[in-house]
Amino acid sequence: MEILIALSRGFQTAGKKTRLLLYLWLVYFLFSLFIAAPLCALLEKDFSRSVLGETIFRGSDLLWIGDLLYQYQNLGPSFPFVLFPLAVAFFALHIFLNGGLIGRLAAEKENVRWPGFLRDAGKYFGRFSRVFFLSLFVYALVFGILGRLISAPFNLWMKNAQTGWGIFWASTLRFLIFLLLFSCLKMFFDYVKIRLVVEDSRKALRTSLSTFRFLKAGFFRAWMLFLLVGLVFLAVTGIYLLIAKGFPKSGTGSLFLAHLWEQTFIAARLWITMLFFSSEYHFLKSRLAHFGNRTIEEK
Amino acid sequence: MPKALVSLISLCLAVRFLGGGQEVPAGTGSTPLKYEIWVELDDQAKILRGREEIVWKNTTSEAVSDMWFHLYWNAFKNEKSALFEESREESLLGIKTEKGGWGWIDLRRIVLADGTDLRPTLEFMTPDEPRHPEDQTVARVRFPAPLQPGEEAHLKIEFESKIPRPVLRTGYYRDSYFIAQWFPKPGVYQEGRGWNCHQYHLNSEFFADFATFIVHITVPARFVVGASGRQVRTVSSQDGKTITTTFVQDRIHDFAWTADPAFIRLERDFIADLEVTPEEYLEVAAKLGLPPESIRLPNIKMILLIRPEHRSQIERHFKALRAAIKYYGLWYGPYPYETITMVDPPFRTESGGMEYPTLFTAGTGIMTDRKVLNPEGVIIHEFGHGYWYGLVANNEFEEAWLDEGINTYSTGKVLAQAYGAGMFSPSVFGFPLAKIFNFPVYYDYELDRLGAILVAERDPITNPSWRFLSRTTYGLNVYQRASACLHTLERLLGENLMLRIMRMFQMRYRFRHPETGDFIAVVNEVSGRDMTWYFDEFFFSTLNFDYGIASFRTNKKKNLARGIFDRNGSKGEITEKDARKPRGEAADRESGEREERQDEMFLTRVVLRRFGEARIGGGFEIRLRVVFEDGTEDFKFWDGQSRWAKFVFERPSPAAVVEIDPERIWLIDSNLANNSRKTKPSRAGIFRLAAKAIFWVQNSLHFLSALS
């Protein structure tokens, strides 16, 4: 029941703070546009005045893809040098956004405004950055060492497989276990961030330890809540794919609708991010209210 | 019927056939080689023990003093073999062998029929450059006396081979075996050149003489065996522990076999009358210029050895094989053997997608999607090899494209005819993502063109296989670039003429060993034009083909030129403003004589350029099409010899589009985008792609965000 209440409140809070969704979508869109712009510029330069360019509208065609690959084949080696700084920039941006997002979600009674969002984003940027570096370390440790241990029986299973099915099941199960493991870690760091906001703490490490103790007391409930929201994500993805496959491949109107549908899906994904944080926030708050912060830590 | 009339009809028929795809009987002489092999599989030790009797007849006019053999499995003996040394130079595409996974072949005994022991004369040979001195994949023995023309050598060989862990489509995994290139096989003796017997190279396939094979394979009784040729009998040992199956086949040049207890063995018949309608015979016969009765197909026994986990795909396998037998048969000539064995490769033997005479391995996954032409593509391709490598048995060491390129081209044709376009299929853990997402669909020729343009300037297609820059350039050149060049040739000459060329090449060189020159000769003969330039440009060279529009302008024509003009004894200046005035008014200033005002005219200037080094030849020209805004069109032709050509059009309408090669004959052109230019850009496609790109970046970023 506690989980469902947290989830329900999470839905309500995320539903009320739609302006946050607008901010997130806008930032994602602009950042993606920044990355996609060079590709568009290349296409504009090489194809906008070419008859071959008309085939792009009709969909993917190996003739124009071939031209593109041929003309820019030398750019391949420079990709990592472009992608790495972009990834770093995105992480920095996302840490910043998370501050605004959780800060505004936690300010339950306040309306979402751009200045407030930016203030929270700036306020928590340093703390969340420390959590991010800590999380990277933990991910590397868990997936590097524990991951190998977990993989060992599956590798053996695959090695001794008699058919392709053995490989399929071993790979799928291993992937599932890694996914669940990742969900635990992701959930843990979500709560660390939420707690930093709720307690307005600057101590990322200490908060991490107290979050660890907190989760120890109610791990399965917290995890079930996380997985429930994860199921919402899966359901949304399924609906998106089902409808997206049915869109006609030609016609300006249907293509416009298809792009609109894609952006709706992106918005839904971002909203589910909000749902994760808001339901976790309510779960944390209800636990703190029920047991008292100190009590949980002492446990 | 009067004799004169009979002669006249005969003459007419002869002329008709010469005008079309003249059927020439293939090589019909007896094979110079006979094998009888007894081989036993030691399932515990993973060893083959064999006896081999070879009869080789010297059909040349030279005395032959020795005999060279391929001992292919010695390539897997250690890292000093040519194959492993070449592999070391590759990064991802090299091969690796685990501990205990090595393979080898030992000649234990080699004697002539009279008992003369040739073993002491055995030495390993390394004929190819660059040298790999410790390679043991080629050996020779010396005859006590040279073998005179017409004489036969009868050899008795005993050999023992360690089966390797799967490597280059041979080996074992647990109790599944795929056994290829496994017996001592003589090279091909070529008059004036000696033994053609190359070492086993990383990039090379094989070359051997046609022969008669009788092979007795003994395996533990629980195994299901499949092999090249016809299965004539299976005998169980007295204790019931082993079975010996005998396979027989004439006029093949290799023999492969497989054994796996898990195989399901199925037989079906290809019944030509059910597969090909009379209308189809008529249609193809008309294209080939042959009488319909001469292209009738025979019935064939189809055998499938399939793994139980792929049982649900049995019908897909047979359907694809029937399509392959039908179209290869109709287009290139009837399949000449009684059986064809299709093997779903044993799990983890890495033997999928490979051809052997009358047997090939396909390959599929545990889950498939109908939109993705897998296993159909590989079935059609590997069966097709039976026509080119199998029947028109070129030297794959020296001119791999004659098999791989021609077969990639013909696979694309058959696949398109039988199935249409296929979908790309990335998969995750064996699950085809095409079940969830829509991926691009494509025809093989598009994929071939993509590979072709990426390697055009690396290696000539006709390089010996081990002399390519890398495995990638070998693959892309001999398969895809050769195929794309053949598609271009088809577009140049026309589909029917190309079909006649391919059929003529197939039928004339069946059971022979043609070279690239023979193919060019057939192209020239059937097309009636000298196409040698085409092969010089695209097969023997590394020239990039790229013709394009260098510049394109369309402007209102100025009615007058600016400057000082003498008119009626005085000098007057025509200014920019005057020049832009309507013709009548301006002329009035210039000449002093009023003219009737005329309609505006537009000048369209197009400069074409040859950006690449390759050039058109043989009297062919590249076509320039100009479409004007009023909907009219104009065409010009350019021989493409110089670096550029300029064309000017004066029309009452400005041009909207200029385009060269509008029919897209020159598929091999590396830059199709510069083949056309429009005055007004159209960005709908770019917006579409940009929106897609943004969506995928957003998705990727959202996944990435889970870490922060």
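Just so we're clear, the structure is a prediction, and the values are computed from it rather than from any experiment.

(A) The arrangement of the overall build of chain A in detail. Counting its secondary structure elements, chain A contains ten helices and zero strands. Moving toward the C terminus, one meets the helices and strands of chain A in the order α-α-α-α-α-α-α-α-α-α. Principal-axis analysis of the C-alpha atoms gives chain A an extent of 70 × 60 × 40 Å. The buried share of chain A, taken over its 299 residues, is 32%. Considering only intrachain contacts with a sequence separation of at least 6, the fraction spanning at least 24 residues in chain A is 72%.

(B) Quick look at the overall build of chain B. Helix and strand counts for chain B come out as 15 helices and 35 strands. Taking all 708 residues of chain B together, the buried fraction comes to 45%. Taking contacts inside chain B between residues at least 6 apart in sequence as the whole, the part at least 24 apart equals 71%.

(C) Region of the structure containing helix H11 (residues 516-527) of chain B. Residue and element names in this part refer to chain B. The end-to-end C-alpha separation of H11 is 16 Å, in line with the 16 Å expected for twelve residues at 1.5 Å each. Buried within H11 are the following residues: Phe519, Val522, Val523 and Val526. Looking straight down H11, one finds its buried side chains confined to an arc of 100°; they lie on one side. Residues of H11 that are buried in the fold lie against helix H7 (401-419) and helix H10 (495-508). Directly after H11, the chain includes Gly528, whose backbone phi takes a positive value near 75°.

(D) Region of the structure containing the interface of chain A and chain B. With 55 residues of chain A in contact, the opposing surface of chain B contributes 47 residues. Elements represented by at least two residues in the side of chain A that touches chain B include exactly helix H2 (18-47), helix H3 (53-58), helix H4 (62-71), helix H5 (79-106), helix H7 (164-198), helix H8 (204-246) and helix H9 (252-291) of chain A. With 13 residues, H2(A) is the largest single contributor of residues to the side of chain A that touches chain B. Taken together, the residues that form the side of chain A that touches chain B break down as 29 nonpolar, 17 polar and nine charged.

(E) Quick look at the confidence of the model for chain A. Residues and elements named next belong to chain A. Summarising the model, chain A shows a mean pLDDT of 91, and 97% of its residues fall at 70 or more. Least confident of the elements in chain A is helix H10 (residues 293-298), whose mean pLDDT is 45; most confident is H7, at 96. Residue range residues 294-299 is modelled with pLDDT below 50. Its contacts to residues more than four positions away, or to other chains, number nine contacts.

(F) Inspection of the domain arrangement of chain B at higher detail. You can read the domains of chain B as domain 1 (32-261) and domain 2 (547-683). Distance between the C-alpha centres of domain 1 of chain B and domain 2 of chain B: 67 Å.

(G) Local environment of the nonpolar core. Residues and elements named next belong to chain B. Within the largest apolar cluster, 151 residues are counted, with the highest numbers of intra-cluster contacts made by Ala227, Ala324, Tyr328, Ile379 and Ile501. Residues from two domains meet in this core; each of domain 1 (32-261) and domain 2 (547-683) gives at least three. Once residues within four sequence positions are removed from consideration, Tyr328 is found in contact with Phe383, Gly384, Tyr387 and Val414.

(H) Focus on the packing of H4(A) against helix H8 (residues 444-455) of chain B. Axis separation between H4(A) and H8(B) bottoms out at 9 Å; the angle between their running directions is 15°. Put simply, H4(A) runs roughly parallel to H8(B). As H4(A) runs across H8(B), the sense of the crossing is right-handed. Counted together, A:Leu62, A:Leu63, A:Gly66, A:Leu69 and A:Tyr70 of H4(A) and B:Glu446, B:Leu447, B:Arg449, B:Leu450, B:Ile453 and B:Leu454 of H8(B) form the full contact between these two elements. Looking at side-chain class alone, the contact of H4(A) with H8(B) contains eight nonpolar, one polar and two charged residues.

(I) Spatial organisation of the pairing of strand E28 (residues 563-567) of chain B. Residues and elements named next belong to chain B. A small share of E28 lies buried, amounting to zero of its five residues. The pairing of E28 with strand E29 (residues 570-574) spans five bridges and is antiparallel. Directly across from Phe565, in E29, lies its bridge partner Gly572. Counting the residues that bridge the hairpin from E28 to E29 gives two residues, and of these Asn568 lies at a positive phi of roughly 55°.

(J) Region of the structure containing the sheet that holds strand E10 (residues 185-186) of chain B. Residue and element names in this part refer to chain B. With respect to topology, four strands assemble into an open sheet ordered E5-E6-E3-E10, the strand pairing being antiparallel. A strand with exactly one partner marks an edge of an open sheet, and here the two such strands are strand E5 (123-124) and E10. In this sheet, strand E6 (residues 138-147) lies alongside strand E3 (residues 64-70) in antiparallel orientation, the contact comprising six bridges. Among the inter-strand pairings, Trp68 is bridged to a residue of E6, identified as Arg140.

(K) Expanded view of unusual backbone geometry. Residues and elements named next belong to chain B. In this structure, Pro130 follows Glu129 across a cis peptide bond, with omega equal to -5°. On the secondary structure map, Pro130 appears in the loop between E5 and E6. Cis peptide bonds are those with omega within 30 degrees of zero, and the linkage from Asn374 to Pro375 qualifies with 25°. Relative to the helices and strands, Pro375 resides in the loop between strand E22 (359-361) and helix H6 (376-388). Of note in the backbone geometry, Arg174 takes a positive phi value of approximately 55° without being a glycine. Along the polypeptide, Arg174 turns up in the loop between strand E8 (171-173) and strand E9 (176-179). Overall, Arg174 belongs to the partly exposed group, with 15 C-beta atoms counted inside 10 Å. The residue Arg251 is not glycine, and still its phi comes out positive at about 55°. Judged by C-beta crowding, with 21 C-beta atoms within 10 Å, Arg251 ranks as buried.

(L) Main features of the sheet that holds strand E27 (residues 547-556) of chain B. All names here are of chain B. If you walk across this open sheet you meet the three strands as E27-E30-E33, and the pairing is antiparallel. Single-partner strands in this sheet number two, and they are E27 and strand E33 (644-651). Taking the axes of each pair of neighbouring strands and ignoring which way they run, one obtains an average angle of 15° across the sheet.

(M) Focus on the environment of A:Leu275. For A:Leu275, the position within the fold is in helix H9. Not counting residues within four places of it along the chain, the set of residues in contact with A:Leu275 comprises A:Gly10, A:Phe11, A:Ala14, A:Val229 and A:Val232.

(N) Summary view of the pairing of strand E15 (residues 230-236) of chain B. Counting buried residues along E15(B), only zero of its seven residues qualify, which leaves the element largely exposed. Count of turn residues in the E15(B)/strand E16 (residues 242-252) of chain B antiparallel hairpin: five residues, of which B:Gly240 carries a positive phi of about 75°.

(O) Inspection of helix H5 (residues 314-332) of chain B at higher detail. Between its terminal C-alpha atoms H5(B) stretches 27 Å, which fits the 27 Å expected from 19 residues at 1.5 Å a residue. B:Gly333 occupies a position one or two residues after H5(B) and carries a positive phi of about 135°.

(P) Inspection of the environment of B:Ala208 at higher detail. Residues and elements named next belong to chain B. Note that Ala208 resides in the loop between strand E12 (194-196) and strand E13 (211-220). Note: C-alpha distance between Ala208 and Val225 (17 residues apart in sequence) is 24 Å. In contact with Ala208, other than residues within four places in its own chain, are Lys185, Val188, His253 and Asp254.

(Q) The arrangement of the confidence of the model for chain B in detail. Residue and element names in this part refer to chain B. Overall, the prediction assigns chain B a mean pLDDT of 92, with 93% of residues at 70 or greater. Below pLDDT 50 for its whole length, residues 1-22 participates in 16 contacts with residues either more than four positions away or in separate chains. Ignoring residues within four places in sequence, the model shows residues 592-597, a span with pLDDT below 50, making eleven contacts including any to other chains. Note on the complex model: pTM 0.90, ipTM 0.93.

(R) Representation of the environment of B:Arg251 in the model. For B:Arg251, the position within the fold is in strand E16. Not counting chain neighbours up to four residues away, the residues in contact with B:Arg251 comprise B:Thr31, B:Phe210 and B:Phe511.

Rules used throughout
- Residues numbered from 1 in each chain as written.
- Chains lettered and ligands numbered in written order.
- Predicted model: local features only at pLDDT ≥ 70, side-chain atom pairs only at ≥ 80, totals over all residues.
- Helix = DSSP H or I, 4+ residues; strand = E, 2+ residues; numbered from the N terminus.
- Buried ≥ 20, exposed ≤ 12 C-beta atoms within 10 Å, placed from the backbone.
- Contact = placed C-beta atoms within 7 Å.
- Expected span 1.5 Å × (residues − 1).
- Arc of directions from axis to C-beta.
- Nonpolar A, V, L, I, M, F, W, Y, C, P; charged D, E, K, R; others polar.
- pLDDT = per-residue confidence, 0-100.
- Domains from an automatic or database assignment.
- Core = buried A, V, L, I, M, F, W, Y, C linked by C-beta atoms within 7 Å.
- Axes fitted to C-alpha atoms, helices over the stretch in contact; angles between N-to-C directions.
- Parallel < 35°, antiparallel > 145°, perpendicular 65-115°, else oblique.
- Left-handed = near helix turned anticlockwise from the far one by under 90°.
- Pairing = 2+ DSSP bridges.

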